[in-house]
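# Chain and residue survey
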Amino acid sequence: MDTYMVITAEGGDTEEAVKSVSREISRLESVLSRTIDTSSVSRLNTEGSAVLDEDTSSLLAAALTYSADTNGAFDVTIAPLVELWGITSDDPRVPSQEEIDALLPLVGGEHVHMDDAVTLDTGCAVDLGGIAKGYASQQVADILRAHGVTSAVVSLGGNVYVCGGKPDGTPWNVGIQDPAGSGYAAMVSLTDRFAVTSGGYQRYFEAEDGTVYRHILDPRTGRPADSDLLSVTIISDDGTAADAYSTALYVMGEQEAVSFWRAHGGFELILITADGRLLYTPGLSDAITKPEDCAYDFQLLTAQPAA
Ligand code: ADP
Ligand code: MG
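These remarks concern the structure in this document. (Residues numbered from 1 in each chain as written. Chains lettered and ligands numbered in written order. Predicted model: local features only at pLDDT ≥ 70, side-chain atom pairs only at ≥ 80, totals over all residues. Heavy atoms only, no water.)

## Observations regarding the pattern of salt bridges
- Applying the stated criterion to the full structure yields 11 salt bridges.
- Among the salt bridges present, the one from Arg27 reaches Asp55, with a minimum N-O distance of 2.8 Å. Linking Arg27 in helix H1 (residues 14-32) with Asp55 in helix H3 (residues 54-69), this pair joins segments that are 28 residues apart in sequence.
- Connected through salt bridges with shared partners, the residues Glu24, Arg27 and Asp55 form a single ionic network. (Salt bridge = Lys/Arg side-chain N within 4 Å of Asp/Glu carboxyl O. Helix = DSSP H or I, 4+ residues; strand = E, 2+ residues; numbered from the N terminus.)

## Here's the deal with the nonpolar core
- Leu60, Leu128, Leu144, Leu249 and Leu269 are the most contacted members of the largest nonpolar core, which has 64 residues in total.
- Top element by residues in this core is helix H7 (residues 239-252). It accounts for 9 residues.
- Apart from residues no more than four positions distant in its own chain, Leu144 is found in contact with Ala17, Val21, Val149, Ala152, Val154 and Tyr161. (Core = buried A, V, L, I, M, F, W, Y, C linked by side-chain atoms within 4.5 Å. Buried < 20%, exposed > 50% of the residue type's maximum accessible area, 1.4 Å probe, protein only. Contact = heavy atoms within 4.5 Å.)

## Thoughts on the packing of aromatic side chains
- Within this structure, the stated rule accounts for 8 aromatic pairs.
- An aromatic cluster of three or more residues is present, and its members are Tyr66, Tyr245, Phe260 and Phe267.
- Looking at Arg214, its charged tip hangs above the ring of Tyr204, at a distance of 5.6 Å from the centre. (Phe/Tyr/Trp six-rings, centres within 6.5 Å; stacked < 30°, edge-to-face > 60°. Lys NZ or Arg CZ within 6 Å of the ring centre and 35° of its normal.)

## Looking at the coordination of the magnesium ion (ligand 2)
- Gly130 (O), Asp243 (O), Asp243 (OD) and Thr247 (OG1) make up the full set of protein donors to the magnesium ion (ligand 2), lying at 2.1 to 2.5 Å.
- Ordering the donors of the magnesium ion (ligand 2) by residue number gives the pattern G-x112-D-x3-T. Placement of Gly130 in the loop between strand E4 (118-120) and helix H6 (132-146) and of Asp243 in helix H7 is noted, with a sequence separation of 113 residues between them.
- Residue Gly130 is classed as partly exposed on the basis of its relative accessible area of 22%. (Donors = N, O, S within 2.8 Å, 3.2 Å for Na, K, Ca; no water.)

## Examining the site of ligand 1
- Around ligand 1, the structure places 18 residues, and the nearest of them are Asp127, Ser198, His215, Leu217 and Thr247.
- Interatomic distance of 3.2 Å between a side-chain N/O atom of Arg203 and an oxygen atom of ligand 1.
- Considered on its own, ligand 1 offers 570 Å² of accessible surface; in the complex 94% of this is hidden by protein.
- If you tally residues by element for the shell around ligand 1, the top one is H7, at 3 residues.
- Looking at the shell around ligand 1 residue by residue, the classes come out as 7 nonpolar, 6 polar and 5 charged. (Near = heavy atom within 4 Å. Polar contact = N/O pair within 3.5 Å; in protein donor to acceptor, adjacent residues only side chain to side chain. Areas by Shrake-Rupley, 256 points an atom, 1.4 Å probe, with all protein chains shown as cover. Nonpolar A, V, L, I, M, F, W, Y, C, P; charged D, E, K, R; others polar.)

This is the structure in structure tokens:
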């Protein structure tokens, strides 16, 4: 999954649990990856129709509901544009507006038809990269619990899962990376939760003229999202939803992201804005702390818009 995974676990059969986790991640990557030729996703994308394995079809179905939920801000049919820009590939490039316009009509959940087999409209393709790590973390959580692990932290490229509390019973402290620096922008104490961060600060490429192009695309424009946010962290007990929403809310930008949280609920949110604010939801009031050297202006979000 083009990232590192770090697991710390205690209690239960940790050795077997960690082996089993490692096998599961490799297995999931081999079916879900868009860049592995033999994966289910590649088969679907090249053949246009395929009978999928259980993981890929259930994740694709979930992805379509997140698309509908987020009004298309999260959309796995963005794949043709991901391919066109190649931002995380070895040779990224800035395409012409004509090239973008030619592919935009292929974006949208209505081009995916799910039955016993999944069929894509001609030219359409899917990319589960915005949700696969969240799904994998969710599977890891189940494996750890099944092996009786009582205390663990799993970090899979921006997707953190904490199982139970620390071995001494107190909550884990999860650091929210400073997207503009090297330290932490906030610490959050958590038990049994997923914390997923998306942002433009880790995967991007810089064109010859110095313009930076980030890897999260806006499905409405087919271009890298022009977000007023530096990062979005979703804290939830659903790792898959947290991954989809963190990507979606980054695309939406501050105002729409806050409205989405107000209308939708069911998760906690930390937004770091380009103008130096850190916004967090009331459910985190007792859990969040500001590191001493942190320059962000911490602001509590309210469930209702200010009058
Ligand atoms: P990361 O992979 O850095 O953790 P995300 O979870 O935000 O970040 O996923 C970004 C990846 O998802 C991109 O590399 C691309 O493959 C895909 N993607 C880009 N834009 C979107 C989008 N608007 N909706 C769904 N997937 C997207
Ligand atoms: Mg994501």
